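Working through the structure, step by step
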Amino acid sequence: MATNIDKALFQQPQGLEELAQDEQPIEIEIVDPEEVKIGMDGLEIDIIPGEESAEDFNENLAEHVEPSVLETLSGDLLSDIENDLASRKDWEKAYVEGLKLLGLQYEERTEPWNGACGVFHPMITEAVVRFQSETITETFPAQGPVRTKILGKETPTKQEAAVRVETDMNYQLTETMVEFRPEHERMLWSLPATGSAFKKVYFDPSLDRQTSIFIPAEDMILPYGTSDIQSCYRVTHRMRKTENDLIKLQKAGFYLDVDLPDPTKETNDIRKAKDKETGFNDTNDERFEIYECHVDLDLKGYEDKDADGEPTGIALPYVVTMLKTDGTILAIRRNWKEDDELRLKRQHFVHYQYIPGFGAYGFGLFHLIGGYAKSATSIMRQLVDAGTLSNLPGGLKSRGLRIKGDDTPIAPGEWRDVDIGSGAMRDNILPLPYKEPSGVLAALMDKIVEEGRRFASTADMNISDMSGQAPVGTTLALLERQLKVMTAVQARVHYALKQELQLLAEIIRDYSDDEYNYEPESGSPRAKKSDYNHVDIIPVSDPNAATMSQRVVQYQAVIQMAQMAPDIYDLPQLHRKMLEVLGIKNADKLVPLEDDQKPKDPVAENMALLKNEPVKAFMYQDHESHIKVHMSAMQDPTIQQLIGQSPKAAQIQGAAMAHIAEHVGFAYRQKIEQQMGVALPPEDEKLPPEVELALSSMMAQAAQQVLQQSQAQAAQQQAQQQQQDPVVQMQQQELQIKNREVDIKEKKLQIDAAAQADKLQLEEKKLAVMAAGQADKLAADQERDGARMGIEIARSHHEKAQQQQKPQEKPAK
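Thresholds, definitions, all that
Residues numbered from 1 in each chain as written. Predicted model: local features only at pLDDT ≥ 70, side-chain atom pairs only at ≥ 80, totals over all residues. Heavy atoms only, no water. Phe/Tyr/Trp six-rings, centres within 6.5 Å; stacked < 30°, edge-to-face > 60°. Helix = DSSP H or I, 4+ residues; strand = E, 2+ residues; numbered from the N terminus. Buried < 20%, exposed > 50% of the residue type's maximum accessible area, 1.4 Å probe, protein only. Lys NZ or Arg CZ within 6 Å of the ring centre and 35° of its normal. Pairing = 2+ DSSP bridges. Axes fitted to C-alpha atoms, helices over the stretch in contact; angles between N-to-C directions. Contact = heavy atoms within 4.5 Å.

**A closer look at the packing of aromatic side chains**
Per the stated rule, a full pass over the model turns up 11 aromatic pairs. Measuring from centroid to centroid gives 5.6 Å for Y318 and W336, while their planes differ by 80 degrees, and the two rings are edge-to-face. In this pair, Y318 is assigned in strand β11 (residues 316-323) and W336 in the loop between β12 (329-334) and β13 (349-353), connecting sequence segments 18 residues apart. With respect to class, Y318 is no different from W336; both count as buried. Within the aromatic cluster, the residues linked to one another by ring pairs are W91, Y95, Y361 and F366. Stacked on the ring of F180, the Lys or Arg K199 has its end atom at 5.0 Å from the ring centre. Its end group placed over the ring of F120, R381 keeps NZ or CZ at 4.7 Å from the ring centre.

As structure tokens, then:
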């Protein structure tokens, strides 16, 4: 690799300006990444490679930051984390005390005597198990936890994309991410007890896919005063990894390749309490404890700079990973998107809260009913111990009284020999006055348990107190009142799960193909990247209903209302939703809806109508042709006869007319668009007032033109129908006969007139001939007379001339 440097290596000496003009650029040739040589005029200079800034945005910056900076950063972060842990000491103490109330292990007690009752009341455990069982079925049904919501206007393309995304996401969470459901259930176990639980969503390079793991509340270390994990300036995740895991990450280049110290056992009171409850110990735990700190830093060498290149002093989000043992930093990475100009912190954690508290951590059953559980446990032990003492009483006996086998209790029906020193036996034995278990104490325990269960929303509704004829609305009101707390908790779980699913969808989208390498089918299990831009990922759970029974009662109330006014309800849609709430499979096949339909040809639509199946018209169809085919089928005598014999004739005819009306509506819309010359907005699109007013005036003009065209067409059709009427046809035939007679008469008159005209013309010709003959004769006579007269005149002149010549001849003689 070679490049040119336009500047000299050293400062130019004074007075050598002319040499500077002839100066050749310096050529740098890098032969080996570990060796840099600078050559100028055949001279090669070895340069010691220095620290380079990272070119890859996702590179581990710990490889480029100076060791002194890393050491300072490590010390500061460890000190801050220790302060964060110290600020929640009381919270950890309450956590430990609450773990004891779960009663997962029987307590062996020696006070007040060996073998005293060590049972725990299962109030908290019952609430935790019920919450976990109900919530996992609500948030993670068999078909998957994801459903989609189309963004903006619904189009066929977006609907197909939504189906692909929903199918893809559910396939990823149920089949590919095998750890998702177990981690989710672990989170649902810890959430109600402790009040807070966390999930971490990230791309795992070792698995080459997205993953989501559960993080207990004690392993998420938050600073004092934090109320929101999204805006927290320092979030520390305490992890535990084996030496082999660290070495694999070092070889992959994810962690800095440094010498690892010997692992040390790291424990705390919460871990000890959990190990005691679960029956485990950390004897063989040789994992490293690691802090992954998501913190805002003004990192030296990578400071935020303004437009002039000057540091602004603003801290930027980074992820710093280090060993707790000695503070060795393993990785520093940027925690914002490369194309994000604002450099906002990327979110990797999702916080689930049972009941939001004063600080960052929520309140759980340990805090809310821990006192109830402790009191119920104490009273239960007193009642059991009282029963034990009552059944196996103790007392005092004289020293001289001897009972054979007195070290074993007397079995029912057993009599033993007794040696009495003196007096009666009852004078030698004094039983202590133990009482039977107190009924007042038992009632008090029942009261405490009832209050605790009601507060935890785990008490069962007493159905026997309700009338069997009670309206559904009354049942719903009682159920709503009893489950109000749990409904609010479910809504918080729904909100947090939506954030988690959106983080997963973002990773899945980023690693999806831009385009298909094949022609996708509807419902394809793999979506492309652009499909995720059209939909919003939301959980399938309902935030307004905590349990299935609550939703069933809600839909029963709606069905009762629909029976009073069935015309204003979409009954197929209502029954489909009811089946889905009940968890019935293939509800779409049991109750088909119009929205499920795909475009069909008109004959297929007729076949569906005859089978009383739903059909649907679509905007782009040839509605005129569909209407003609449907009308022809309804007028077909065979079809009319078959429909008339069907018990569902009225329904079939009503559905057919409704479908034809749907086509008529679309056809009218197309005519309006043709007259306006523009496409109308979608039916469900909300229009601004000014746009609606402008369209209304244009539609009024277009409607008048369409009306005129329809009237002309209707008149033409009416004329055609009248021509097909037999009476009109007979009248038309009579009129035609009369018209023929008139035509014949007119033709006869025309013939007679023509004959008379020919006769007159012949006579005229004769007269003309005769006139022409007389004229020729007259002309001949005139010519003859003229000639005769000319001869006479000529003779006269000749004679006169002779007479005049005669006198002149005489004198000549």
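**Details of the sheet that holds strand β7 (residues 209-215)**
Remark on secondary structure: sheet strands pair via backbone hydrogen bonds, oriented parallel or antiparallel. Read across the open sheet, the 3 strands follow the order β7-β6-β13; overall the sheet is antiparallel. Taken across any chain shown, the strands that pair with only one partner, and hence form the sheet edges, are β7 and β13. Strand-to-strand twist in this sheet, taken as the mean axis angle between neighbours without regard to direction, amounts to 20 degrees. Relative to β7, strand β6 (residues 196-204) is paired through 7 bridges, and the arrangement is antiparallel. Each bridged residue has a counterpart across the sheet, and for F198 the counterpart in β7 is I215.

**Observations regarding the sheet that holds β12**
Read from one edge to the other, the open sheet built from 5 strands follows the order β8-β9-β10-β11-β12, with strand pairing classed as antiparallel. At either margin of the open sheet sits one strand with a lone partner, and together these are β8 (220-221) and β12. Direction of pairing for strand β10 (residues 288-297) relative to β11: antiparallel, over a ladder of 8 bridges. Each residue of the ladder has a partner; that of C293, found in β11, is V320. Strands β9 (234-241), β10, β11 and β12 of the sheet are contacted by helix α7 (residues 243-251), whose axis makes an angle of about 115 degrees with β9.

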